[in-house]
Amino acid sequence: MRFEIVPVTKIDAVKQQIDEAIWMFFSRRNPIAIHSIVGAAHQVLHDLTEHNSSMIKNDRAATASNKGKDWYRRINREYNFFKHADSDKDKVLQFDPFLHTYYLVDCVYMYRALTGESPHNHKIFDAWFALSNPNAIGNQSIKSLAEQTSKNILDPDNFDYFLEEIKKHS
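Just so you know, these numbers come straight off a predicted model, no measurement behind them. (Residues numbered from 1 in each chain as written. Predicted model: local features only at pLDDT ≥ 70, side-chain atom pairs only at ≥ 80, totals over all residues. Heavy atoms only, no water.)

Participant: How should the pattern of salt bridges be read in this particular structure?
Facilitator: Oppositely charged side chains may form a pair once their charged atoms are brought near each other. Per the stated rule, a full pass over the model turns up six salt bridges. The salt bridge involving K15 is made with D19; its shortest N-O contact spans 2.7 Å. Note that K15 and D19 are positioned in helix α1 (residues 10-26) at a spacing of four residues, about one turn of the helix. Since its relative accessible area comes to 25%, K15 is described here as partly exposed. When the shortest N-O distance is used, the salt bridge between E165 and K168 registers 2.8 Å. Residue E165 and its partner K168 are both found in helix α9 (residues 159-168); the two are separated by three residues, about one turn of the helix. (Salt bridge = Lys/Arg side-chain N within 4 Å of Asp/Glu carboxyl O. Helix = DSSP H or I, 4+ residues; strand = E, 2+ residues; numbered from the N terminus. Buried < 20%, exposed > 50% of the residue type's maximum accessible area, 1.4 Å probe, protein only.)

Participant: What should I look at first to understand unusual backbone geometry in this one?
Facilitator: With the exception of glycine, most residues fall at negative phi, and the peptide bonds are largely trans. In this structure, E50 is a non-glycine residue whose phi angle is positive, near 55 degrees. Along the chain, the position of E50 falls in the loop between α2 (31-48) and α3 (59-64). For E50, a relative accessible area of 60% corresponds to the exposed category. Backbone geometry places H51, a non-glycine residue, at a positive phi of 65 degrees.

Participant: Looking at this model, I keep getting lost on the layout of surface pockets. Mind explaining?
Facilitator: The gaps left among the atoms become clear once a water-sized probe is rolled over them. Computed from the structure, the second largest pocket encloses a volume of approximately 200 Å³. Along its surface, the second largest pocket is lined by R73, R74, N76, R77, N80, F81, H84, D86, S87, D88 and K91. Per-element tally for the lining of the second largest pocket: the top contributor is helix α5 (residues 77-83), with three residues. A class-by-class count of the residues in the lining of the second largest pocket yields one nonpolar, four polar and six charged. (1 Å grid on protein atoms, 1.4 Å probe; cavity = no way out; pocket = protein on both sides within 12 Å on 5 of 7 lines; lining within 4 Å. Points joined across faces, edges and corners; volume = space filled by probe spheres on them. Nonpolar A, V, L, I, M, F, W, Y, C, P; charged D, E, K, R; others polar.)

Read these as layout, nothing more, since geometry by itself doesn't imply function.
Spelled out as structure tokens, the structure:
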């Protein structure tokens with residue numbers, strides 16, 4: 001295999017990271033690898049949107065929690081643990097792999113806000129997230145539809161179905 005130097009923008013890198021993380025997620029790949037990729041994409045998007053588009057990493061959420069810097073420290077804990085070892089060489093992390101689903105849906109949201117684009121696989125992940133987490137949906141009609149759909153039509157735990165839907169448009 002020959003490797004070539006290619007130009008890549010930040011937004012190109014982010015899109016590829018999100019696409020790969022979505023594929024890895026529905027393929028049930030390693031959650032630490034997924035979280036690392038999503039964490040990197042999330043940070044770049046957070047910077048590109050000048051810290052204004054994230055639903056989870058924002059001053060409103062920090063203020064609402066009455067935690068301030070503790071809020072940011074908590075939501076960055078896993079990402080920083082997987083990225084650094086300067087201050088916690090012997091620490092053991094209790095990792096909840098479900099956390100990266102929130103980061104990933106936030107990446108999809110920030111990517112759409114920044115580019116105006118909504119790639120097919122992002123829509124598939126959005127749909128899965130709404131079906132899996134109807135209580136996290138702010139819009140009541142979408143929440144109600146997600147609750148009904150997940151019970152009667154589509155099992156959000158059927159990852160093979162979502163992966164096939166992504167493959168149809170790849």
